[in-house]
Amino acid sequence: MMTQERIQPMQRFQQMYRNDRHLWRLILMIVVWLLFMAITRFSKFYSMINFQTMAAQFPEFGIMSLGVMLCMITGGIDLSVVGTANLTSILMGFLLLRLTDAAGGLPAFAIPLVFILGILIGGSLGLFNGLLVSKFHIPPILATMGSGELFTGICLAMTNGNAVSKFSRTYAKTINNRLFDLIPVQLIIFIVMAALIWFLISKTVFGTKIYMLGTNENVAKFSGLHIDRLYMKTYMLSGICAALGGMIMLANYNSARADYGTVYTLQCVLIVVLGGVNPYGGRGRISGVVLAIILLRLLETGLNRFPRISSYYISLIWGGVLILVMVMNYFTEHKKVIFREPTQPTLQKETAK
């Protein structure tokens, strides 16, 4: 009896692991990395200010990753998130310059206005991507790569490559503030957005439809789904996520520039794939993406605690991790196909032969 009682929890854990290998793999990697940092750099890594800094830094690319996740679930991708973020932040930077008074202050309506307009701009840019993908049938990777370069070019034309700054610091102080002197406002924005997207893809018909679209576009079309509308809504949401990331960047740097966050495109793709979203569409959970965001932030912050590891190697490490994850995912899926047990009807056919 005791042996059987011990086996049952083990079987439950094995079943949980099989159901979501990516999630448990991420949890294991986070635990191992935290233990490694505790052994090697405990005093430099485990401090309240360090964790608060990480919580304030990752939302800017974390929110962008949520948008990329939505597009990848449909079988597409959004490579224009950084261009969208920078164009939105530059436009809002110009607006803040106009609203800043002689004393360096802002009117009470300025920050809500900036966020509302930023969301509208991001949604419009995302809708433009959706039109390219749905109406003109341009492959998402090409459509968003081209639009991302277009948005960056507009940024350079408006600023001549210079930073937009010298506006009131009230905006930066508000977004960089901490609730109860503990929780960064940037983290709260990320949590609200993550919860909203979780609700959309898990509890609404829209979520069911984009998973169906990513699984098989032809089946979704013959099922009566409005494919064009789904694409436009999905890329519009991605544009809103990118715009919110840009608004956080605007606060963190207290300026806006065309070349801010250039490494974030690779990071967003890495996060989404690492989080278990199928690059071909139809599968993925927001819990995995959130864990992947946390893991990458922990890795980057931990690596910066080793003086011999230059920050120039970070992109090299991210690229290597992305390739490694893709290879691991390939072998995981390949093994499931090779070693899958035959179903009962198949066995019956073999017996009949």
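Shown above is the structure to which this text applies.
Residue positions are given per chain, counting from 1 as you read along its sequence in written order. Totals for whole chains, interfaces and linings use every residue, but because this is a predicted model, local features are given only for residues with pLDDT of at least 70 and side-chain atom pairs only at 80 or more, for both listing and counting. Values reported for side chains reflect all heavy atoms of the structure, with hydrogen atoms and water molecules removed beforehand.

Novice: Explanation requested: the environment of Thr159 in the structure shown.
Specialist: Each helix is a run of DSSP H or I of at least 4 residues and each strand a run of E of at least 2, with the numbering of both proceeding from the N terminus. Within the element layout of this structure, Thr159 appears in helix α8 (residues 140–159). Judged by its relative accessible area of 7%, Thr159 is buried. In this structure the C-alpha to C-alpha distance between Thr159 and Phe94, which are 65 residues apart in sequence, comes to 10.0 Å. Discounting chain neighbours no more than four positions away, the residues touching Thr159 are Ile90, Phe94 and Val164. At 2.8 Å, the side chain of Thr159 and the backbone oxygen of Cys155 are in polar contact. Relative accessibility thresholds used throughout: buried, under 20% of the residue-type maximum; exposed, over 50%; partly exposed, between the two (1.4 Å probe, protein chains only). Whether two residues are in contact is decided by their heavy atoms, any of which lying within 4.5 Å being enough. Polar contacts, as counted here, are pairs of nitrogen or oxygen atoms within 3.5 Å of one another; within protein the pair requires one atom able to donate a hydrogen and one able to accept it, and residues that are adjacent in sequence qualify only if both atoms are side-chain atoms.

Novice: Please explain the packing of aromatic side chains as it appears in this structure.
Specialist: Working definition: an aromatic ring pair is given by the centre-to-centre distance plus the angle between the planes. A pair of aromatic rings is counted whenever rings of Phe, Tyr or Trp (Trp by its six-membered ring) have centres within 6.5 Å, and the orientation is called stacked for planes under 30 degrees apart, edge-to-face for over 60 and tilted otherwise. Considering all chains together, one arrives at 10 aromatic pairs under this definition. Taken together, a centroid distance of 5.7 Å and an interplanar angle of 75° make the contact between Phe45 and Phe51 edge-to-face. On the basis of relative accessible area, Phe45 is assigned to the buried category, the value being 0%. Taking 5.2 Å as the distance between ring centres and 85° as the angle between the ring planes, the aromatic pair formed by Phe58 and Phe190 counts as edge-to-face.

Novice: Hey, could you run me through the pattern of salt bridges in this one?
Specialist: Pairing between side chains becomes possible if they bear opposite charge and their charged atoms approach one another. Salt bridges are defined by distance alone: a side-chain nitrogen of Lys or Arg within 4 Å of a carboxyl oxygen of Asp or Glu. Per the counting criterion, the structure on display carries three salt bridges. A salt bridge links Asp228 to Lys135; the shortest N-O distance between them is 3.4 Å. Residue Asp228 is located in helix α13 (residues 227–253), and its partner Lys135 is located in the loop between α7 (110–134) and α8; the two are separated by 93 residues in the primary sequence. The partly exposed category is assigned to Lys135, whose relative accessible area is 46%.

Novice: Which parts of the structure should I look at to understand the state of the cysteines?
Specialist: Disulfides are defined as pairs of cysteine sulfur atoms found within 2.5 Å of each other. Inspection of the entire model under this criterion finds zero disulfides. In this structure Cys71 is not part of a disulfide, and its nearest cysteine sulfur, from Cys241, lies 8.8 Å away. Under the relative-accessibility criterion, Cys71 is labelled buried at 0%.

Novice: Help me understand the side chain of Thr100, please; the structure alone is not making it clear to me.
Specialist: When you line up the elements, Thr100 lands in the loop between α6 (81–99) and α7. At 2.6 Å, the side chain of Thr100 forms a polar contact with the backbone oxygen of Leu96. Side-chain polar atoms of Thr100 contact the backbone nitrogen of Ser168, separated by 3.0 Å. Filtering out sequence-adjacent residues up to four positions away, Thr100 remains in contact with Gly105, Leu106, Phe167 and Ser168.

Novice: Sorry if this is basic, but what is going on with the nonpolar core here?
Specialist: Nonpolar side chains in soluble globular proteins tend to end up buried together. In this text, buried Ala, Val, Leu, Ile, Met, Phe, Trp, Tyr and Cys residues form a nonpolar core when linked through side-chain atoms within 4.5 Å. The biggest cluster of nonpolar side chains holds 96 residues, and the ones touching the most others in it are Met69, Tyr171 and Ile197. Ranked by the residues each element gives to this core, the list is headed by α13, at 14 residues. If we skip the residues at most four places from it in the chain, Met69 touches Ile197, Ile201, Val272, Val277, Arg285, Ile286 and Val289.

Novice: Even after reading the chapter, I still don't get α8, so can you show me in this structure?
Specialist: Because each turn of an α-helix spans 3.6 residues, side chains separated by three or four positions in sequence point in the same direction. Expected span of a helix: the number of residues minus one, times 1.5 Å. Across its 20 residues, α8 extends 28 Å between first and last C-alpha, which sits within 8% of the 28 Å expected from 1.5 Å per residue. Of the residues making up α8, those classed as buried are Pro140, Ala143, Thr144, Ser147, Gly148, Phe151, Cys155 and Thr159. The buried side chains of α8 occupy one side of the element, clustering within an arc of 130° when seen end-on. Facing away from the buried surface of α8 by more than 90 degrees, the exposed residues are Leu142, Glu149 and Ala157. Where α8 is buried, its residues contact α6, α7 and α13. Residue Asn160 follows α8 closely and has a positive phi angle near 55°. The arc in question is formed by the directions pointing from the helix axis toward the C-beta atoms.

Novice: Honestly, the environment of Gln267 in this entry has me stumped. Any pointers?
Specialist: Among the secondary structure elements, Gln267 is positioned in helix α14 (residues 264–274). Gln267 gets classed as buried once you look at its relative accessible area, which sits at 3%. In this structure the C-alpha to C-alpha distance between Gln267 and Gly319, which are 52 residues apart in sequence, comes to 8.7 Å.

Novice: Would you mind going over the side chain of Ser238 with me for this structure?
Specialist: Assignment of secondary structure puts Ser238 in helix α13. For Ser238, a relative accessible area of 0% corresponds to the buried category. Of the polar contacts made by the side chain of Ser238, one reaches the backbone oxygen of Gly67; its length is 3.4 Å. Other than its neighbours up to four places away in sequence, Ser238 contacts Gly67, Val68, Cys71, Asp78 and Val81.

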